[in-house]
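Inside the fold
These are the residues of each chain, in order.
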Amino acid sequence: MSKQLYVYDTTLRDGAQYRGISFSLQDKLKITQLLDNFGVDYIEGGWPGSNPKDEAYFKHAKNLGLKHAKLVAFGSTRKPMLEVDNDPQIQSLLSANTPAVALVSKFWTFHIETVLRTDLTQNLSMIYDSVAFFKAHGREVVLDAEHFFDGFKDNQDYTFQCIEAAVRAGVDNLTLCDTNGGSMPQDIEYAVKAVRNKFPTLSLGIHCHNDCELAVANSLSAVKSGVSLLQGTINGYGERCGNANLISLLANLLLKQSFNQEFGLNSDITSERLSDLSKEIADIANIPLKADAAYVGDNAFSHKGGIHVAAIAKASQTYEHLNPSLVGNQREITISELSGKSNVQLQAQKLGLDVSRNFQQVLDSIKALEKKGLTLENAPGSFEMLVRKQDKSYQPHFTVLSMQVGVNDMNASTQPNADTCTATVKVRVKNKIAHVVEEASGPVDALNLAFKKALTSFFPQVQAMQLTDYKVSILDPEKASAATTRVWIQSCCKDSTAHDQCWATIGCSDNIIKASAQALIDSYQLFLIKHNHLSQNSTHQSAQHRFSDLDNEVTHNGHN
């Protein structure tokens, strides 16, 4: 029979200390609902005695109707020389009225004497009094043993005295904290086993920080050594280098044989939902998910080298430790000068294109463009256009005859629109020509508006296409204003189901306007190709599948 493990999420408290994160009250409530739906056992919502927002959170959170998770209010043991009944922070914790409380306590003699500035005996009383107080009020108590592993190294006997005080007071779980994140897996294993041998019936937890990039490894080591409560945060958010990342920790526990056959988790927690949970909370935190995040990042199952891709095409396990669908992710084959036959063929097949007749021509074009600085791995829209242009049957929807961009007289400050840019575009569709002028505050915006205006007279559907992102990279900054510029553009179109479907194109030139125009022209051409294809097949496709192939092109490209 497998040993039951419990997941304790502290994204809303410890994770909120990550630099750049500032959760609003609504953010915290939304995350709470997501975590509960996922199946987390405990949700540490904050420290009610520290700020009004956390106090408001606990008042609102009790009305969420959580199905599985227990809410936890976080605080500390009573202050030195202050009766527990008279400690305002203890009373704030009690007033939060949560089924469980977490109390941080000091286990390192150095910290107690130099920072807390109290004696070791008083600290033992603080632990006992605080735990006993909340047990008397019917709360489940988790005691966070701060700096446990540092304290264990310095004075093992005293750390055991602290645990004994907590046990006598009726503590439900003792969580061992690697507060400085400096412990090695063997340190964790040794200390946890020592505590387990001394207190065989005590429920133990682990709380690791990631200062040595070992928080997940240390947590797994603790699991093997006897802990049952796993503390961590979604995406590893936390102070300094962060906390143990629950996403990768859970993936390892659920999918790696050395753990999933020995340990069990709440059945609501499934690995297939990990990618969605990770990205949803990253969106709320307004912190872009790292592309190289294990299991769930855009690059986690991305393959670039031709030899690797050739092997993947024959047997995916050669360069993937598991099927990406097991964590809700997907494989991505990227295109670059490192590409081999398999890269190009697989990516083309994904787009419904055949390169069997002109493969070498396509590959040579890719390598030539990459040499000039036009990278295709993050611009699958440009890759598709390159493949289509190499086909003899390709006919562009429009031809650009001329374009010009100018900046209005910057000295004419008294004139209306003196700070605008003007773009003139001349395009031909079959035997008809449109010649238009547009103005905007910037040259690229003016150029985009001019293209759209010119094309709308022939293709009204282009009004639905919007430029949604624009990035510029300088490839050789030592050339200053003469440097080569790479422009990356993301365009989106809202389909009939009101979903935004997006694709990316790229341009490269020592002229930033020309580079922008390259990316814009490919984007408009691609839109018209896709729109025409969908229109021809509309009787065979449901509305929800419109532009799905466009969406697939940019999934996991690192920019969406």
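Here's a quick rundown of the structure. Everything numeric in this text was worked out from a predicted model, so none of it was measured.

1. Observations regarding the overall build of the protein chain
When helices and strands are counted, the protein chain shows 19 helices and 18 strands. Among the 560 residues that make up the protein chain, the fraction classed as buried is 52%. Residue pairs at least 24 apart in sequence account for 68% of intrachain contacts in the protein chain once pairs closer than 6 positions are excluded.

2. Description of the sheet that holds strand β14 (residues 421-429)
Ordered in space as β13-β14-β15, the 3 strands form an open sheet in which the pairing is antiparallel. Looking at strand neighbours, the two that pair on one side only are β13 (399-407) and β15 (432-440), the edges of this open sheet. Here the strands of the sheet are splayed against their neighbours by 10 degrees on average, with no regard to which way each runs. With 8 bridges connecting them, β13 and β14 associate as antiparallel partners. Within the sheet, the bridge partner assigned to Val407 lies in β14 and is Cys421. Packing of helix α17 (residues 443-456) onto the sheet brings it into contact with β13, β14 and β15, and relative to β15 it is tilted by some 145 degrees.

3. With respect to the environment of Lys389
Mapped onto the fold, Lys389 is located in helix α16 (residues 380-390). Put simply, Lys389 and Val362 are 27 residues apart on the chain and 9.3 Å apart in space, counted from C-alpha to C-alpha. Apart from residues lying up to four places away in sequence, Lys389 is in contact with Tyr394 and Asp522.

4. What about the pairing of strand β5 (residues 100-106)?
Within β5, 7 of the 7 residues are buried, which leaves the element mostly enclosed by the surrounding structure. What you see with β5 is no split at all: Ala100, Ala102, Val104 and Lys106 on one side and Val101, Leu103 and Ser105 on the other are buried throughout. By the bridge criterion, 5 bridges tie strand β4 (residues 70-76) to β5 in an arrangement that is parallel. If you follow Phe74 over to β5, its bridge partner there is Ala102. As for the winding sense of the linkage, the β-α-β connection from β4 through helix α3 (residues 88-95) to β5 is right-handed. Note that β5 and strand β6 (residues 140-146) share 7 bridges and pair parallel. Paired with Ala100 across the strands is Glu140, a residue of β6.

5. Quick notes on helix α8 (residues 185-198)
Helix length check: α8 (14 residues) gives 20 Å between terminal C-alpha atoms against 20 Å at 1.5 Å per residue, within 8%. As for α8, its buried residues are in contact with α6 (148-154), α7 (156-169), β7 (173-178), β8 (204-208) and α9 (215-225).

6. Remarks on the nonpolar core
Generally speaking, a soluble globular protein has its nonpolar side chains buried in company with each other. Ranked by internal contacts, the top residues of the largest apolar core, which has 91 residues, are Phe107, Phe134, Leu143, Phe148, Ile163 and Leu253. Per-element accounting of this core gives the leading share, 7 residues, to α7. Dropping the residues within four chain positions of it, Phe148 is found in contact with Phe107, Thr159, Ile163, Leu176, Cys177, Ala191 and Val195. Among the nonpolar cores identified, the runner-up in size contains 33 residues, and Cys421, Val429, Val462 and Ala517 belong to it.

7. A word on the packing of aromatic side chains
Overall, the coordinates contain 16 aromatic pairs when judged by the stated rule. These aromatic residues form a ring-pair network of at least three members: Phe107, Phe148, Phe149, Phe152, Phe160, Tyr190 and Phe199. Lying across the ring of Phe74, Arg13 places its NZ or CZ 3.7 Å from the centre. The ring of Tyr57 is capped by Lys28, whose NZ or CZ atom sits 5.2 Å from the centre of that ring.

8. Things to note about the state of the cysteines
Under the defined criterion, the tally for this structure stands at 1 disulfide. What pairs with Cys492 in a disulfide is Cys502, and their sulfur atoms sit 1.9 Å apart. When the S-S torsion is 105 degrees, as for the bridge of Cys492 with Cys502, the disulfide is right-handed. Placement of Cys492 in strand β17 (residues 485-494) and of Cys502 in strand β18 (residues 500-509) is noted, with a sequence separation of 10 residues between them. Judged by relative accessible area, Cys492 falls into the buried class, the value being 8%. By relative accessible area, Cys502 is classed as buried at 14%. Of all cysteine sulfurs, the one in Cys208 lies closest to Cys177, which takes part in no disulfide; the gap is 8.6 Å. In this model Cys493 remains outside any disulfide bridge; the closest cysteine sulfur is found in Cys492, 8.8 Å from its own.

9. Thoughts on the pattern of salt bridges
The final tally for this structure, using the stated rule, is 15 salt bridges. Across the pair Glu262 and Lys224 runs a salt bridge, and its minimum N-O distance is 3.0 Å. Note that Glu262 is positioned in the loop between α11 (257-260) and β10 (263-264) and Lys224 in helix α9, a separation of 38 residues in sequence. A residue is classified by how much of its surface remains accessible, and Glu262, at 37% relative accessible area, is partly exposed.

10. Let's talk about the packing of α8 against α9
Helix packing for two helices is described by the angle between their axes and how far apart those axes are. Orientation of α8 relative to α9, taken along the N-to-C sense of each, is 30 degrees, at an axis distance of 8 Å. One way to sum up the angle between α8 and α9 is to call them roughly parallel. As α8 runs across α9, the sense of the crossing is right-handed. Counting all contacts with α8, which are made through Pro185, Ile188, Glu189, Val192, Lys193 and Arg196, the residues of α9 involved are Asn218, Ser221, Ala222 and Ser225.

11. Considerations on the sheet that holds β8
Pairing within the closed barrel is parallel, and its 8 strands lie in the order β2-β3-β4-β5-β6-β7-β8-β9. The mean inter-strand angle of the sheet, taken between neighbouring strand axes irrespective of direction, is 25 degrees. Against the sheet, helix α5 (residues 120-136) makes contact with β5 and β6, and its axis sits at roughly 175 degrees relative to β5, the strand it touches most.

Calculation rules
Residues numbered from 1 in each chain as written. Predicted model: local features only at pLDDT ≥ 70, side-chain atom pairs only at ≥ 80, totals over all residues. Heavy atoms only, no water. Helix = DSSP H or I, 4+ residues; strand = E, 2+ residues; numbered from the N terminus. Buried < 20%, exposed > 50% of the residue type's maximum accessible area, 1.4 Å probe, protein only. Contact = heavy atoms within 4.5 Å. Pairing = 2+ DSSP bridges. Axes fitted to C-alpha atoms, helices over the stretch in contact; angles between N-to-C directions. Right-handed = clockwise from strand over helix to strand, strands pointing away. Expected span 1.5 Å × (residues − 1). Core = buried A, V, L, I, M, F, W, Y, C linked by side-chain atoms within 4.5 Å. Phe/Tyr/Trp six-rings, centres within 6.5 Å; stacked < 30°, edge-to-face > 60°. Lys NZ or Arg CZ within 6 Å of the ring centre and 35° of its normal. Disulfide = S-S within 2.5 Å. Salt bridge = Lys/Arg side-chain N within 4 Å of Asp/Glu carboxyl O. Parallel < 35°, antiparallel > 145°, perpendicular 65-115°, else oblique. Left-handed = near helix turned anticlockwise from the far one by under 90°.

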